[in-house]
Amino acid sequence: MALLHPDEALEMIEALNPEPRTETVKLDEALGRALAEEVLAPEDSPPFAKAAMDGFAVSSADPGPSWRLAAALAAGDAPARALARGECAKIMTGAMLPPGADRVVRVEYTREQGGTVTLLTEEPYANVIPRGENLRRGERVLGPRVLSPQDIGVLASLGRAEVRVAVRPVVGVLATGSELRNPGETLGPGQIYNSNGLQACAQVSAAGGRPRYYGIVRDEPEALRAAVGRALEECDLLLLSGGVSMGELDFVPGVLKDCGAEILFHKIAIKPGKPTLFARRERPGASGAAHSTYAFGLPGNPVSAFVIFEVFVRPLLARLQGLRFAPRTVHARLAEAVKRRDTERVELRPVRLERGEVRSLTFHGSAHLNALSGADALLRLEIGVSRLEEGSWTDVRLL
Ligand code: AMP
Ligand code: MG
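Residues numbered from 1 in each chain as written. Chains lettered and ligands numbered in written order. Predicted model: local features only at pLDDT ≥ 70, side-chain atom pairs only at ≥ 80, totals over all residues. Heavy atoms only, no water.

**Focus on the site of ligand 1**
Alright, step 1. Around ligand 1, a shell composed of 15 residues is seen, among which Glu-179, Asn-194, Ser-195, Gly-243 and Gly-300 lie nearest.
Alright, step 2. One of the side-chain nitrogen or oxygen atoms of Glu-179 is found 2.6 Å away from an oxygen atom of ligand 1.
Alright, step 3. Ser-195 places a main-chain nitrogen or oxygen 3.1 Å from a nitrogen atom of ligand 1.
Alright, step 4. Secondary-structure elements contributing two or more residues to the shell around ligand 1 are β13 (170–176), β15 (192–193) and α3 (195–206).
Alright, step 5. In terms of residue class, the shell around ligand 1 is made up of 5 nonpolar, 9 polar and 1 charged. (Near = heavy atom within 4 Å. Polar contact = N/O pair within 3.5 Å; in protein donor to acceptor, adjacent residues only side chain to side chain. Helix = DSSP H or I, 4+ residues; strand = E, 2+ residues; numbered from the N terminus. Nonpolar A, V, L, I, M, F, W, Y, C, P; charged D, E, K, R; others polar.)

**Focus: the state of the cysteines**
Note: disulfide means a covalent bond formed between the sulfur atoms of two cysteine side chains.
Alright, step 1. Scanning the model with the defined rule gives 0 disulfides in all.
Alright, step 2. The structure places no disulfide on Cys-201, whose sulfur is separated from the nearest cysteine sulfur, that of Cys-235, by 11 Å. (Disulfide = S-S within 2.5 Å.)

**Some thoughts on the packing of aromatic side chains**
Alright, step 1. Within the structure shown, the criterion is met by 4 aromatic pairs.
Alright, step 2. Aromatic side chains Phe-278 and Tyr-294 sit 5.8 Å apart centroid to centroid with 10 degrees between the ring planes, which places their arrangement in the stacked category. Of this pair, Phe-278 sits in strand β20 (residues 277–284) while Tyr-294 sits in strand β21 (residues 290–298), placing them 16 residues apart in sequence. Each of the two residues, Phe-278 as well as Tyr-294, counts as buried.
Alright, step 3. Taken together through their ring pairs, the aromatic side chains of Phe-265, Phe-278, Tyr-294, Phe-296 and Phe-312 make up a single cluster. (Phe/Tyr/Trp six-rings, centres within 6.5 Å; stacked < 30°, edge-to-face > 60°. Buried < 20%, exposed > 50% of the residue type's maximum accessible area, 1.4 Å probe, protein only.)

**Some points on the sheet that holds strand β8 (residues 110–113)**
Alright, step 1. Strand order across the open sheet formed by 6 strands is β7-β4-β6-β5-β9-β8, with mixed pairing between neighbours. Lying at the two open borders of the sheet, with one neighbouring strand each, are β7 (103–106) and β8. Between one strand and the next, the sheet's axes are offset by a mean angle of 40 degrees, whatever the strand orientation.
Alright, step 2. Bridging between strand β4 (residues 55–58) and strand β6 (residues 87–91) involves 3 bridges; their strand directions are antiparallel. Bridge pairing in β6 links Gly-55 to Ile-91. (Pairing = 2+ DSSP bridges. Axes fitted to C-alpha atoms, helices over the stretch in contact; angles between N-to-C directions.)

**Here's the deal with the pattern of salt bridges**
Charged atoms that come close allow side chains of opposite charge to pair.
Alright, step 1. Applying the stated rule across the entire model yields 34 salt bridges.
Alright, step 2. Its salt-bridge partner being Asp-7, residue Arg-380 comes within 3.2 Å of it at the nearest N-O pair. A residue pair is termed long-range when its members are at least 10 positions apart, and Arg-380 in strand β26 (residues 377–381) and Asp-7 in helix α1 (residues 6–14) qualify at 373 residues.
Alright, step 3. Taking relative accessible area as the criterion, Asp-7 reaches 34% and is therefore assigned partly exposed.
Alright, step 4. The partner of Glu-234 in a salt bridge is Arg-212, with the nearest N and O atoms 3.5 Å apart. Taken together, the positions of Glu-234 in helix α4 (residues 221–234) and Arg-212 in strand β16 (residues 210–217) put the pair 22 residues apart, joining distant regions of the chain.
Alright, step 5. By relative accessible area, Glu-234 is classed as partly exposed at 29%.
Alright, step 6. The exposure class assigned to Arg-212 is partly exposed, which follows from its relative accessible area of 37%.
Alright, step 7. A cluster of three or more residues bridged by salt bridges with shared partners is formed by Glu-336, Arg-352, Glu-354 and Arg-359. (Salt bridge = Lys/Arg side-chain N within 4 Å of Asp/Glu carboxyl O.)

The following block contains the structure:
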């Protein structure tokens, strides 16, 4: 059977339209959250014309070269009266211009003596920040996106103390495998540490989700059915690792079906991560509307689990927060040729970026987790492509 092309798998995920729940949070808790409203400027920004320099506010209709000093205005002062003809006001950067003034002559271009200010050097600049220069009242400022520190700054500048954001999706993480022990425990013969569990929890947090860790479940169908059944009730999305391939003890696909989930795809033409499985279970919501719980069966190999999360789980987590995920890419030159023999799958190969060039890692395959933490990006090889030449240009996807 032909494997599903990864682009088709991604399209299926992108086409999902779950209705994200929203909540209002204080601005100091909004970093990294998915904005769930259209933010419009409530007022012009800045709300008044202000001085861009320290100097003297004058009217351009009253060119001087001398003015009588009539007032002094600091940032935060409300001018008491308008300037009359022949007058100027001492003004500090950020202070509101008095009515009648539309220009600031810089202090260093003037001489002040006995209450009279004289212009020494003409310049072409008005040194005024006009009202509404940054934003006009009613202008669209931000829409749905992951809020960055800069966005927090913009929202604060509009006077927003709170914003509406998507509720963080609850993402269950469950590692299957009788060989697994948790970090901190002692390994017996044949046992390894469960790295996928905490790695996936970290990826969930980094992608805006709330991880709910179910620990390790042994490769026993009864135990797995109980754990999966409970997790599907408690989560918006469940990530299972291991047990998803063709082995005798790979119980994940059967258990998901037993729990009422429909398999949307199983096995993708991708390397690493071919056994990947994606499923959905409908459950009646409080209001009667169906609410879907999604599940991924991630491969047990830690590099595969990581890459599949990046490529398929992140876009779903974005959809669950009302967003679309767009990976950041850079166009870069290959410092050395990239070769492979098997060209039946799309391959995503971890690479380093060094002085703007793509370098391969010493990479022993899907279990070589420590190579992954030295990677900056994923290089994509299309189906049928066995070689990329040294010096050729390609887009790599940043991690
Ligand atoms: P599986 O997909 O269950 O066949 O596992 C594939 C490989 O990944 C095996 O070598 C497993 O021991 C290993 N593996 C499975 N689960 C984990 C995990 N949670 N952490 C680290 N390695 C794992
Ligand atoms: Mg296993």
